[in-house]
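# Summary of structural features
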Amino acid sequence: MADTMVKTRWVYAFGGGSADGDASMKNLLGGKGANLAEMSSLGLPVPPGFTITTEACVHYYSNDKAYPPNLKEQVAEGLKTVEQLTGKMFGDAANPLLVSVRSGARASMPGMMDTVLNLGLNDQTVEGLARLSGDRRFAFDSYRRFIQMYSNVVLDLDHHMFEEILDDHKDRLDVHVDTGLTAEDWEAVVADYKAAVERDLGKPFPQDPAEQLWGAVGAVFASWMNDRAKFYRRMHDIPESWGTAVNIQSMVFGNMGDGSATGVAFTRNPSTGDNRLYGEFLINAQGEDVVAGIRTPQPLTKIAREEMGDVNPSMEEALPEVFTQFKAVVEKLETHYRDMQDIEFTVEQGRLYMLQTRNGKRTAKAALRIAVDLASEGLITKAEAVMRVEPASLDQLLHPTIDPSSPRDVIASGLPASPGAATGKVVFTAEEAEKLGGSGEAVILVREETSPEDIRGMDAARGIVTARGGMTSHAAVVARGMGRPCVSGAGEIHIDARAGEFRARGKTIRAYDIVTIDGSTGEVLQGAVKMVEPELSGDFAALMGWADEVRRLKVRANAETALDAQTARQFGAEGIGLCRTEHMFFDPARIAAVREMILADDVAGRKQALAKILPMQRQDFVELFKIMEGLPVTIRLLDPPLHEFLPHTEEDVQAVAEATGLDAAKLMRRAQEMHEVNPMLGHRGCRLGVSYPEIYEMQVRAIIEAACEVAAEGRPQPIPEIMHPLVAKGEEMKFLRELTDRTAKEVIAEKGVAIKYMVGTMVELPRAALRAGDLAEYAEFFSFGTNDLTQTTFGISRDDSGRFLNAYIEKGIFEKDPFVSLDQEGVGDLIRIAAERGRAVRPDVKLGICGEHGGDPASIQFCESVGLDYVSCSPYRVPIARLAAAQAAIGEREKDR
């Protein structure tokens, strides 16, 4: 048993030109530890140290916060190695080794977890450090930094307490910057710091370096589960199970006088992608001074200083010899890692040390520029360039965003349902939005929730806010399709529509007050905020071209208006994967005829009303076919229950009756007759086509007549794909196929134009997936409606899920919202089964998905893995889907190697 325990290695050393690990081991050593090992092996100047593995953190949390067996012995061995390399001793009063203790997860999480510097200082070792350095001021400056940082990170004391003590000393001494304090001043500050710790804790500040070290290791492990780290992981899909590594490294000091410095550098500009060194540094400082804003850092290069109009010298001017060495090192690192690097460094009395390198975080604009430039420079291949850009980040390029430098007065938060930002006057009704928006005013539509009837107001608004609903609610789906920013599920907003106001966080916002919404963060801000307009560069076109060369999946768009279709084409859509015909029915010009059809008492009456809708519906399809120029267009026949087209309150019924001449009593009676307890599973979808075949006959006729009209004009022949929603049984599909073919043949015979069309179904019920072979006898294509398939598989209403899904995610029951990213185990299994059984009956059955998951990169990866033919998403997500499909194809090829 003992032998087995010894075999587990928890500690990996680095430094002195060699290392136990390398860059490929980031899963075990974390990104920071793996790169410190790699830099050591490259012969770069890295202070020696060692890494406690991520597996130790996982063990810690799996065993009631107990350290793994043999960890303490292995840490002691690691310290001995560092002592040998530095010639110093940990805890020795005469020649003390001081260390930093830093976190380092396998995915970069900047600022989310904890760090302790100068560890090992106490009342004895500070004197040894003063003698060794010949600089008592530096020694006590380091000690006061350590007390403050350790007290905050490990002892959980408020850092403001220490800042107030320091400010009191500076006020008393009439000193404005820390560098103005003498050694005696720092000794007095240290004494006050220690007294404050003892007063708050009831015991003195820890003096034993070993106790300090294990306190810091425990604090780093604990920081893996702090609130900000958990939030960051959720935001970036980083699994909790990964754990963090701990890096223990000998200290080097940037605060040893004017020949010392510390700084942060990027090998290229992380905002623009420009190929020039970017960053800042501080003379006579430690790392936290750069990021904490205590002093204003100086630029690294002379040209950057001149551009900023800064009078303080750049690093290039202040430390020219070190800068020349530093520039050579960073160029070597970028070439070695073949990517833009984010680097931390320290200069100790004229000697350069590298403390960290990692692939730098960057904006979408910079990511595109850097990927294309690196490929053009021959450092990476085009396929690697495609893999370097995060698909979801392209949203930043397609929508206006809030200027990062602008102040944000947040008055409410909800879900980031549709990206982009917008400013406008608050309105509470779709009618008001349409009226003001139509006259050129910018409005933000604020509703409890939206319905299909609000479509014109949503279109007129610059942005949408709802108090209820999730990421795939009606508001979210429609807003994404229109490219409108949307914040949904902002539950802290309390709307009083009669008073024309909403309240949130103690503030009252009235109709016509100005607000700004950030659909990328889910925030509602008071007042107007400065925007940054999107710009698509040549780099975007180049990268998308490379992506299209390697992807297999086709990418279509969900679109039912001419504007949606044109936008989709501009973004590279290869057809329409979902045209929802019900949105066309809500147009004011035809809603009266729709309601007349619903009120009709017999087939003849319904057909008479449908005849009024037919020419309008036909014209809709003519426009789409012309824009799509011979690309496939999948048209879903009427899906929602008919009562959605009727007014429901007495006030609304009276208004509709007066406007249309329809009978008010009959309208109210029919609305009550059609009321359903659970309309989502009620009289909707193909059940309408079975009950009222004349509705679907009219729609099929409109589709085929439109196709004939466009083809007769000599344009590219349309490819209509007629889709029947909510089919569960083969017998339903048989009935609907016969209805479709019968109507289509009649039209083709009448027009004398040969049109090819396809008939298929939307798979959105578990039974349809399980019995896909039955459906495939009559269906030539399946389009997986993953929004409803997720609802019916989980038994969860997507419009109500926002109230409880966060609790499920926080408790680890769901890793992600299943309406945002496909549930690959459950819903995914149903898709796999349907694909296999459908192809067994009809080998050439066409398969795609048209739910919101069609624009989610992780879901697209799944679609590639199961061999679907296409994905369909909202127009503004088409570029994201194209890039994600290319990355999925590359990933599948690499698996096969």
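See above for the structure.
The sections below set out a description of the structure shown in this document. (Residues numbered from 1 in each chain as written. Predicted model: local features only at pLDDT ≥ 70, side-chain atom pairs only at ≥ 80, totals over all residues. Heavy atoms only, no water.)

### Things to note about the pattern of salt bridges
Applying the stated criterion across every chain, the model contains 67 salt bridges. In this structure, the salt-bridge partner of Glu-448 is Arg-468, at a minimum N-O distance of 3.4 Å. Of this pair, Glu-448 sits in the loop between β18 (443-447) and α19 (455-460) while Arg-468 sits in the loop between β19 (463-466) and α20 (474-482), placing them 20 residues apart in sequence. The exposure class of Glu-448 is partly exposed, given its relative accessible area of 31%. A salt bridge links Glu-738 to Lys-734, with the nearest nitrogen and oxygen atoms 3.0 Å apart. Linking Glu-738 with Lys-734, this pair stays in helix α30 (residues 730-751), spanning four residues, or about one helical turn. (Salt bridge = Lys/Arg side-chain N within 4 Å of Asp/Glu carboxyl O. Helix = DSSP H or I, 4+ residues; strand = E, 2+ residues; numbered from the N terminus. Buried < 20%, exposed > 50% of the residue type's maximum accessible area, 1.4 Å probe, protein only.)

### A look at the sheet that holds strand β21 (residues 494-496)
The antiparallel open sheet is built from three strands, whose spatial order is β21-β22-β23. Of all the strands in the sheet, just β21 and β23 (507-510) have a single pairing partner and so form its edges. Between one strand and the next, the sheet's axes are offset by a mean angle of 20°, whatever the strand orientation. Where β21 and strand β22 (residues 501-504) come together, three bridges link them in antiparallel fashion. (Pairing = 2+ DSSP bridges. Axes fitted to C-alpha atoms, helices over the stretch in contact; angles between N-to-C directions.)

### Things to note about helix α25 (residues 603-628)
In this model α25 runs 35 Å from its N-terminal to its C-terminal C-alpha over 26 residues, within 8% of the 38 Å that 1.5 Å per residue would give. The largest bend along α25 measures about 35° and falls at Ile-613, with the proline Pro-615 one to four residues further on. Two residues or fewer past α25, Glu-629 is found with a positive phi of approximately 45°. (Expected span 1.5 Å × (residues − 1). Bend = angle between axes of the 7 residues up to and from the residue.)

### Description of unusual backbone geometry
Despite not being glycine, Gln-349 has its phi angle at roughly 50°, a positive value. In this structure, Gln-349 sits in the loop between β12 (341-348) and β13 (351-359). Although it is not a glycine, Leu-726 adopts a positive phi angle of roughly 60°. Along the chain, Leu-726 falls in the loop between β30 (719-724) and α30. Classification of Leu-726 as buried rests on a relative accessible area of 3%.

### Considerations on a negative patch on the surface
A contiguous patch of negative charge, built from Asp-158, Glu-163, Glu-164, Asp-167, Asp-168, Asp-171, Asp-174 and Asp-192, is present on the exposed surface. A total of five residues in the negative patch trace back to one element, the largest contributor, which is helix α7 (residues 159-173). Residue placement: Asp-168 occurs in helix α7. (Patch = residues over 30% accessible without salt bridge, like charges linked within 9 Å, V, L, I, M, F, W, Y side chains within 5 Å. Areas by Shrake-Rupley, 256 points an atom, 1.4 Å probe, with all protein chains shown as cover. Lys, Arg positive; Asp, Glu negative; His and termini not counted. Charge placed at Lys NZ, Arg CZ, Asp CG, Glu CD.)

### Focus on the packing of aromatic side chains
Under the criterion given, the structure shown has 18 aromatic pairs. When the centroid spacing of 5.6 Å and the interplanar angle of 85° are considered together, the rings of Phe-146 and Phe-205 count as edge-to-face. Highlighted residues: Phe-146 in helix α6 (residues 136-153) and Phe-205 in the loop between α8 (183-201) and α9 (209-223), separated in sequence by 59 residues. According to the relative accessible area criterion, Phe-146 is buried, its value standing at 0%. Residue Phe-205 is classed as buried on the basis of its relative accessible area of 3%. Ring geometry for Tyr-150 and Phe-205: centres 5.7 Å apart, planes at 75°, overall edge-to-face. Of this pair, Tyr-150 sits in helix α6 while Phe-205 sits in the loop between α8 and α9, placing them 55 residues apart in sequence. Exposure class is identical for Tyr-150 and Phe-205. Each is buried. Ring-pair connections join several aromatic residues into one group, and the members of that group are Tyr-60, Tyr-61, Tyr-67, Trp-214 and Phe-221. Over the ring of Tyr-12 we find Arg-9, and its NZ or CZ is 4.3 Å from the ring centre. Across the ring face of Trp-224, the terminal group of Arg-233 is positioned such that the distance to the ring centre comes to 4.1 Å. (Phe/Tyr/Trp six-rings, centres within 6.5 Å; stacked < 30°, edge-to-face > 60°. Lys NZ or Arg CZ within 6 Å of the ring centre and 35° of its normal.)

### Re the sheet that holds strand β29 (residues 632-636)
The strand order around the closed barrel formed by eight strands is β27-β28-β29-β30-β31-β32-β33-β34, and the pairing between neighbours is parallel. Looking at each pair of strands side by side, their axes are set apart by 25° on average, direction ignored. Relative to strand β31 (residues 758-763), β30 is paired through four bridges, and the arrangement is parallel. Its bridge partner lying in β31, Met-723 is registered against Gly-760. On the sheet, α30 packs against β30 and β31 and is oriented at approximately 145° with respect to β31. (Contact = heavy atoms within 4.5 Å.)

### Considerations on the pairing of strand β27 (residues 554-558)
Within a regular strand, the side chains alternate between the two sheet faces. The element β27 is extensively covered by neighbouring structure, given that four of its five residues are classed as buried. Of the pairings in the sheet, the one linking β27 to strand β34 (residues 870-873) comprises four bridges and is parallel in character. Along β34, the bridge assignment pairs Val-555 with Val-871.

### Examining the nonpolar core
It is characteristic of soluble globular proteins that their nonpolar side chains tend to be buried jointly. Judged by nonpolar contacts, the single largest core of 121 residues is most densely connected at Phe-621, Phe-625, Leu-642, Ile-704, Phe-782 and Leu-868. In terms of residue count, the dominant contributor to this core is helix α29 (residues 693-712) (12 residues). Excluding its chain neighbours within four sequence positions, the residues that come into contact with Phe-782 are Thr-761, Val-763, Ala-772, Leu-775, Ala-776, Ala-834, Gly-838, Val-845, Lys-846, Leu-847 and Gly-848. Ala-56, Leu-121, Met-149 and Trp-214 belong to the second largest nonpolar core, which has 67 residues in total. (Core = buried A, V, L, I, M, F, W, Y, C linked by side-chain atoms within 4.5 Å.)

### Topic: the state of the cysteines
Under the definition given, this model contains zero disulfides. The closest cysteine sulfur to the non-disulfide-bonded Cys-579 is located on Cys-850, 11 Å from its own sulfur. Taking the relative accessible area as the measure of exposure, Cys-579 reaches 0% and is therefore buried. (Disulfide = S-S within 2.5 Å.)

### What about α29?
Here α29 is 20 residues long and its end C-alpha atoms lie 28 Å apart, about the 28 Å a rise of 1.5 Å per residue gives. Most of α29 sits inside the fold, with 16 of its 20 residues counted as buried. Positive phi shows up at Gly-714, right after α29, with a value of about 85°.

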